[in-house]
Amino acid sequence: MLRTSSPVLQSIREKVEAGERLSFDDGLTLYSDAAPLPEVGELANLVRERKNGNAGYYNINTHLNPTNVCVYRCTFCAFRADLRSAKGYLMDEEQVRARGQEAVDNGCTELHIVGGLHHQAKYEWYRGVISTLHESFPELHLKAWTPVEIDWFSRQTKKPIRAVLEDMIDAGVGSLPGGGAEIFHPEVRNKICEHKADSSRWFETHRNAHQLGLRSNCTMLYGHIEQAYHRIDHLIRLRELQDETGGFQTFIPLAFHPDNTGLSHIKKPNALMDLRTMAVSRLMLDNIAHMKAYWIMLGIGTAQCALAYGADDIDGTVRHELIYHDAGAETPEILTVEQIRQLIEEAGREPIERDTLYHRVEREGNTWRTGEAIAAAK
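Residues numbered from 1 in each chain as written. Predicted model: local features only at pLDDT ≥ 70, side-chain atom pairs only at ≥ 80, totals over all residues. Heavy atoms only, no water.

## What to know about the overall build of the protein chain
Counting its regular elements, the protein chain contains 14 helices and 12 strands. Per-residue burial for the protein chain yields a buried fraction of 58% across its 378 residues. Sequence separation of at least 24 residues holds for 75% of the intrachain contacts in the protein chain that already meet a minimum separation of 6. Surface summary for the protein chain: the accessible area is close to 15,200 Å², and the carbon and sulfur share equals 48%. (Helix = DSSP H or I, 4+ residues; strand = E, 2+ residues; numbered from the N terminus. Buried < 20%, exposed > 50% of the residue type's maximum accessible area, 1.4 Å probe, protein only. Contact = heavy atoms within 4.5 Å. Areas by Shrake-Rupley, 256 points an atom, 1.4 Å probe, with all protein chains shown as cover.)

Set out below in structure tokens:
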């Protein structure tokens, strides 16, 4: 029996205990100041432990951002660069292969690949990033390209999204990251990223990916100009696609970092907002197995706390993360496996290494193999 006692949460508490789905209005209640955060967290923790027990998952991964030059000028982005900017770069095949070698040498199971939409880079260059890595390091799982990039490739090649995805699978893509979601509601999306792929293209990409057998993640960027009803609308749209396809494996709430962006006047969300968003997401997304507390964005302390507010995953070692550090993230660029395991244990959870598709990893040093699949309860 839960210890929550706030009258405003009574009907929600009864639904959660019974395993019933929460409504849009329930989501707004959970975000209201009248709903005590510790009690919202307790409800989220109940769901978290039903699905994932006491596990705290992590992986050993490296990031690859092959270019930061981008045709779009999203208000919230500090990573992008203009074509002729001194900050801009475009990696060549040797640099891409070197990053893959570094990942393998450090025991990574995954490369997380996203980047800018370079004005002059052809589709073949983007495909070549994947094929080069897959041919050179077939043991690495390549989690690559957001729907924003897939949409761009579709425009470049004048081919449907599904055809682009099929070609990327052939090149070696193993799953899709969840980026580019930002906030789906047009009231917000049209203000912070009006020119890039809209929500319908985002959902079309993930729907097709799921139909082709690719698993994917999903995200929400919060703490900028959006309101609670925009966030709940966002979560319910994700829940509806998951009802349809079952292809999302992890949700990652992404805290906005304002430094060096067009929204630098906005104060970034505090830890209380971070924990509430994690908890509300766990409660609303009843059909997505895993919730990730991305320590790069949340900070290590808040990520630890989030393991009691609905999160069951802490992400990974995260070598070479640029996008959020360019926006002012003060977290380390990398954590060691020992540090990750320690922070999970300090939170009272059992650290379990997993691969991208949520199989246990059996490891001896940098030598590893895929173990049994991790099945979250429904």
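There is more to say after this.
## A look at the sheet that holds strand S10 (residues 350–353)
The 3 strands are arranged S9-S1-S10 in an open sheet whose pairing can be described as parallel. The two strands at the open ends of the sheet, each matched to only one other strand, are strand S9 (313–316) and S10. Sheet twist, expressed as the mean angle between neighbouring strand axes with direction ignored, is 25°. For strand S1 (residues 55–59) and S9, the ladder comprises 2 bridges, and the chain directions are parallel. Of the residues in S9, the one forming a bridge with Asn59 is Gly316. Seen against the sheet, helix H14 (residues 337–346) touches S1, S9 and S10 and runs at an angle of roughly 160° to S1. (Pairing = 2+ DSSP bridges. Axes fitted to C-alpha atoms, helices over the stretch in contact; angles between N-to-C directions.)

## Re the nonpolar core
Grouped together as the largest cluster of nonpolar side chains are 61 residues, with contacts concentrated most on Leu238, Phe251, Leu283 and Ile314. Per-element tally for this core: the top contributor is helix H11 (residues 271–284), with 7 residues. Leaving out residues up to four positions away in the same chain, Phe251 has contacts with Cys218, Thr219, Met220, Leu235, Leu238, Ser281, Leu285, Ile288, His290, Met291 and Lys292. Core analysis: the next-biggest nonpolar cluster, separate from the first, contains 36 residues, Leu117, Ile150, Phe153 and Val173 among them. (Core = buried A, V, L, I, M, F, W, Y, C linked by side-chain atoms within 4.5 Å.)

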